[in-house]
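Listed below, chain by chain, are the residues.
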Amino acid sequence: QVQLVESGGGLVQAGGSLRLSCAASGNIFSMYLMGWYRQAPGKERALVATITSGDSTNYADSLKGRFTVSADNAKNTVYLQMNSLKPEDTAVYYCRAWDRSGDYWGQGTQVTVSS
């Protein structure tokens with residue numbers, strides 16, 4: 001089992017920045033991929049970005065250039081740097097991890113961008 005705890009959400013004005021963190025614990029040794037998803041009110045949960053254990057990254061096309069995913073393997077933590085935030089970025093942001101047994105989700109952290 002892998003446990004994921006997100007932090008760093010909050011309220012920010014449009015144009016501002018936030019950095020989310022996701023700390024992994026538990027049986028993390030076979031974990032090979034981590035990522036961020038988001039779910040806006042009334043919408044389905046959608047991919048934001050992923051990062052492999054080898055630091056290869058993948059982004060939703062619409063977010064390239066504004067969002068950056070990174071990892072600190074020593075801390076078992078993945079980050080999501082979000083710049084030039086827009087009101088449409090308002091959502092609950094979830095961390096997700098994959099290992100050989102399956103996938104795991106964090107509890108989510110709310111990001112609200114005011115206009």
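Note that residues are indexed from 1 along each chain, following the sequence as it is written. Restriction of local features to residues with pLDDT of at least 70 applies here, the model being predicted, together with a cutoff of 80 or more for giving and counting side-chain atom pairs; totals for whole chains, interfaces and linings are based on all residues. To obtain the side-chain values, all non-hydrogen atoms of the structure were used and water was disregarded.

Colleague: How should I be thinking about the packing of aromatic side chains in this particular structure?
Modeller: Each aromatic ring pair is summarised here by two numbers: the centre-to-centre distance and the angle between the ring planes. Ring pairs shown here join Phe, Tyr and Trp side chains whose ring centres sit within 6.5 Å, with only the six-membered ring taken for Trp; geometry is labelled stacked below 30 degrees between planes, edge-to-face above 60, and tilted in between. On inspection of all chains with the given rule, the structure shows 3 aromatic pairs. A centroid spacing of 6.5 Å and a plane angle of 50° characterise the contact between Tyr37 and Trp98, whose relative ring orientation is tilted. Here the residue Tyr37 occupies a position in strand 4 (residues 33–39), and Trp98 occupies one in strand 9 (residues 91–99), the gap between them amounting to 61 residues. With relative accessibility at 14%, the residue Tyr37 sits in the buried group. Summarising the aromatic geometry, the rings of Tyr37 and Trp105 are spaced 5.2 Å apart at their centres and angled 70° between planes, so their arrangement reads as edge-to-face. Secondary structure elements follow DSSP: runs of H or I of four or more residues count as helices, runs of E of two or more count as strands, with numbering from the N terminus. Under the scheme applied here, a residue whose accessible area is under 20% of the maximum for its type counts as buried, over 50% as exposed, and between as partly exposed, the area being computed with a 1.4 Å probe on protein chains only.

Colleague: Just to check I follow, could you spell out the sheet that holds strand 1 (residues 2–7) for this structure?
Modeller: The strands making up a sheet associate through backbone hydrogen bonding, with each pair oriented either parallel or antiparallel. As summarised here, the arrangement of the 4 strands in space is 1-3-8-7, forming an open sheet in which the pairing is antiparallel. In this open sheet, the two edge strands, each paired with only one partner strand, are strand 1 and strand 7 (67–72). Geometrically, the sheet is characterised by an average inter-axis angle of 20° between neighbouring strands, direction not taken into account. As paired elements, strand 1 and strand 3 (residues 18–26) share 6 bridges and run antiparallel to each other. Bridged to Ser7 within strand 3 is Ser21. Two strands qualify as a pair provided DSSP detects at least 2 bridges between them. Axis lines are fitted through C-alpha atoms, for helices just across the contact stretch, and the angle between N-to-C directions can take any value from 0 to 180 degrees.

Colleague: What is the right way to read unusual backbone geometry from this model?
Modeller: Trans is the common state for peptide bonds, and a negative phi is the common state for residues other than glycine. Phi is positive for Asn76, which is not a glycine, with a value near 55°. In this structure, Asn76 sits in the loop between strand 7 and strand 8 (77–82).

Colleague: How should I be thinking about the state of the cysteines in this particular structure?
Modeller: Working definition of a disulfide: a covalent bond connecting the sulfur atoms of two cysteines. Sulfur atoms of two cysteines make up a disulfide when they are within 2.5 Å. Overall, the coordinates contain 1 disulfide when judged by the stated rule. Across the disulfide from Cys22 sits Cys95; the S-S distance is 2.0 Å. Residues Cys22 and Cys95 are joined by a disulfide whose S-S torsion is about -80°; by sign, that bridge is left-handed. In this pair, Cys22 is assigned in strand 3 and Cys95 in strand 9, connecting sequence segments 73 residues apart.

By themselves, these figures tell us nothing about what the structure is for.
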